[in-house]
Amino acid sequence: MEKIKDNHYFTKQNIGLFLLILFAIFFPVLSIPVFFYKLLYEKNWKLRMFYLFCISLILGFLALHTVPAVTDDLYRHFENMNVLRHTKFSKIFQSSYSGVFLNTLIMYVISFTGINGLYPALYVTIGYSLIFYILLFFQRKFKCSNQNFMLILLFVFFAINFRDFISGLRNYFAFIICAFLLIQKFYNNLDWKYCYLGIAIASLIHTSALIVLMLVIISDITANWKYRYVVNLSILLFLPLSILGYKIFEWILPGLAHTIFFTKVYNYLTTPNIFNINVYVFYIGIVLLSIFCHYRNKPLKNAKNINFSKFMDLYFVFLLAISPIMLLLMRFNFLLMPLLPCILFASTRKFKHKKLLQCTLMLFILAGILMFLASLRAYPWTFNIPHILFWWIR
């Protein structure tokens, strides 16, 4: 009798899953909240990973059909692919962005399909899949309730402005790859050589990943050094030391110092503007919340995640050092988002005042939604299909 009931349950579940997939195919955007709702009550880890992967595919679908505004970085990427399509393979690296060879190769391959939207769709789908994997990994590790899982999931989901992800793309994707490798290194015993190599490869998609590699190496070198505060102080003085270093570099190698890459870096370092106070408060607020939670979670000296904690110490010092420059703070916050689940899931177990933390996360979720709506108003989001809710109708 029990076997018949089990078979009936699984049949009913399979039919429900089939109908959900069918609904997602025809109404992908409308199915996103349905998948989130299913996640709230689903206990099976594989099914939850499947639901999250479906959400990643739907976000990739939106990225595929996005028509970039002229102000978007994605517009430049599409123009670049149009050039690469008619360029000989031997000359593609001279005809594209300097230094990011892997990204150029990906662009070159996709350009021959004639569907430029595959480029953002690829990065967005893989990027969100890795973020969702990290979320599930830490929920299982810390045995967090589904309610807290959904709260942290929505916090991370809205802290990453999807519209900005599609526009910035390379920076987001490279940092997500870096975050995934760091999680594997610190929690799944990935050999440090493979971690370094992976981050170096990510820098061939966006060169800012080299800064992450530098921070990881410094963290590993000074892991057992009692004078770590000297390193932290040096990083706090990152901006003035970098500007001084550039001037010395310019004096020694003026030709190399005036290349596009170094000129761009110097312009970032010397432009401490805050062009939108609301956006700045949102991102600096996430940094301060993360720092507060991180230091409340401080592990014991013999804890397995002590090396992750030491890396985060260094990374937070770096974020505070660059905080006067809004563009840099926003850019390097992209690495923080995929790393946040570890900190927040630990906080839901360690904090005495959990309701306060939950309310704070809810406020950030609301702020993230408002930020997303504001960005849609400021930067139009159009698609190459008549209607994203009824995409099959021509």
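Residues numbered from 1 in each chain as written. Predicted model: local features only at pLDDT ≥ 70, side-chain atom pairs only at ≥ 80, totals over all residues. Heavy atoms only, no water.

Moving on: the overall build of the protein chain. In terms of helices and strands, the protein chain carries 19 helices and two strands. When burial is assessed residue by residue, the protein chain has 49% of its 394 residues classed as buried. When the accessible surface of the protein chain is summed, it comes to about 20,200 Å², and 69% of that surface belongs to carbon and sulfur atoms. (Helix = DSSP H or I, 4+ residues; strand = E, 2+ residues; numbered from the N terminus. Buried < 20%, exposed > 50% of the residue type's maximum accessible area, 1.4 Å probe, protein only. Areas by Shrake-Rupley, 256 points an atom, 1.4 Å probe, with all protein chains shown as cover.)

This part is about the packing of helix H7 (residues 146–159) against helix H16 (residues 277–296). The contact between H7 and H16 brings their axes to 12 Å, and the two run at 140°. In terms of orientation, H7 and H16 fall into the oblique class. Both H7 and H16 take part in a crossing whose hand is left-handed. Note on element contacts: H16 touches H7 through Phe-282, Tyr-283, Ile-286 and Leu-289, opposite Phe-155, Phe-158 and Ala-159. (Axes fitted to C-alpha atoms, helices over the stretch in contact; angles between N-to-C directions. Parallel < 35°, antiparallel > 145°, perpendicular 65-115°, else oblique. Left-handed = near helix turned anticlockwise from the far one by under 90°. Contact = heavy atoms within 4.5 Å.)

Now for unusual backbone geometry. Even without being glycine, Leu-169 reaches a positive phi, approximately 60°. Tracing the chain through its elements places Leu-169 in the loop between helix H8 (162–168) and helix H9 (170–187). One non-glycine residue, Asn-189, adopts positive backbone phi at about 60°. Position of Asn-189 among the secondary structure elements: in the loop between H9 and helix H10 (192–202). Accessibility expressed as a relative area gives 71% for Asn-189, which makes it exposed.

A few words on the pattern of salt bridges. When the charged atoms of two side chains with opposite charge come close together, those side chains can pair. Within the structure shown, the criterion is met by four salt bridges. Note that Arg-76 is salt-bridged to Asp-73, the shortest N-O span being 3.2 Å. Within this pair, Arg-76 and its partner Asp-73 are both found in helix H4 (residues 73–84), separated by three residues, close to a single helical turn. When its relative accessible area of 39% is taken as the criterion, Arg-76 is described as partly exposed. Residue Asp-73 is classed as partly exposed on the basis of its relative accessible area, which comes to 30%. Between Asp-220 and Lys-185 there is a salt bridge; the shortest N-O distance is 3.1 Å. Linking Asp-220 in helix H11 (residues 209–221) with Lys-185 in helix H9, this pair joins segments that are 35 residues apart in sequence. Residue Asp-220 is classed as partly exposed on the basis of its relative accessible area, which comes to 25%. What makes Lys-185 buried here is its relative accessible area of 13%. (Salt bridge = Lys/Arg side-chain N within 4 Å of Asp/Glu carboxyl O.)

Before going further, it helps to spend a moment on the side chain of Arg-163. Among the structural elements, Arg-163 can be located in helix H8. Judged by relative accessible area, which is 3%, Arg-163 ranks as buried. At 2.9 Å, the side chain of Arg-163 and the side chain of Asp-72 are in polar contact. What Arg-163 contacts, discounting residues up to four positions off in sequence, is Ala-69, Asp-72, Phe-372, Ser-375, Leu-376, Tyr-379, Pro-380 and Trp-381. (Polar contact = N/O pair within 3.5 Å; in protein donor to acceptor, adjacent residues only side chain to side chain.)

Considering all chains together, one arrives at 38 aromatic pairs under this definition. Each ring, one from Phe-36 and one from Phe-157, has its centre 5.4 Å from the other, and the planes form 75°; the classification is edge-to-face. Here Phe-36 is found in helix H2 (residues 28–41), whereas its partner Phe-157 is found in helix H7, with 121 residues between them in sequence. Relative to Tyr-51, the ring of Phe-50 lies with its centre 6.3 Å away and its plane at 55°, an arrangement referred to as tilted. The partly exposed category is assigned to Phe-50, whose relative accessible area is 28%. Among the residues examined, Tyr-51 registers a relative accessible area of 2% and is labelled buried. By way of ring pairs, the aromatic residues Phe-36, Tyr-128, Phe-132, Phe-157, Phe-158, Phe-162, Phe-165, Tyr-172, Phe-334, Phe-372, Trp-381 and Phe-383 are connected into one cluster. (Phe/Tyr/Trp six-rings, centres within 6.5 Å; stacked < 30°, edge-to-face > 60°.)

Taken together, Ile-15, Phe-18, Leu-19, Ile-21, Leu-22, Ile-25, Phe-26, Phe-390, Trp-392 and Ile-393 make up a surface patch of nonpolar side chains, about 900 Å² in accessible area. Looking at where Trp-392 falls in the secondary structure, it is placed in the segment after strand E2 (382–383). (Patch = residues over 30% accessible without salt bridge, like charges linked within 9 Å, V, L, I, M, F, W, Y side chains within 5 Å.)

Quick look at the environment of Ile-322 now. Considering the arrangement of structural elements, one finds Ile-322 in helix H17 (residues 306–322). As for Ile-322 and Ile-235, which are separated by 87 residues in sequence, their C-alpha atoms are 9.3 Å apart. Setting aside anything within four residues of it in sequence, one finds Ile-322 in contact with Phe-238, Leu-328, Leu-329 and Phe-332.

H7 packs onto helix H3 (residues 45–65) with a crossing angle of 20° between their chain directions and a minimal axis gap of 14 Å. Classified by the angle between their axes, H3 and H7 sit roughly parallel to one another. H7 is crossed by H3, and the crossing has right-handed handedness. Residues Arg-48, Leu-52 and Leu-59 of H3 form the contact with H7, whose own contacting residues are Asn-146, Phe-149, Leu-153 and Phe-157. A per-class count over the contact of H3 with H7 returns five nonpolar, one polar and one charged. (Nonpolar A, V, L, I, M, F, W, Y, C, P; charged D, E, K, R; others polar.)

Applying the stated rule across the entire model yields one cavity of 30 Å³ or more. Size it by volume and the largest cavity reaches roughly 30 Å³. Counting residues per element, the ones that place at least two in the lining of the largest cavity are helix H6 (118–142) and H7. When residues of the lining of the largest cavity are assigned to their parent elements, the largest contribution, four residues, is made by H6. For the lining of the largest cavity, a count of residues per class yields eight nonpolar, no polar and no charged. (1 Å grid on protein atoms, 1.4 Å probe; cavity = no way out; pocket = protein on both sides within 12 Å on 5 of 7 lines; lining within 4 Å. Points joined across faces, edges and corners; volume = space filled by probe spheres on them.)

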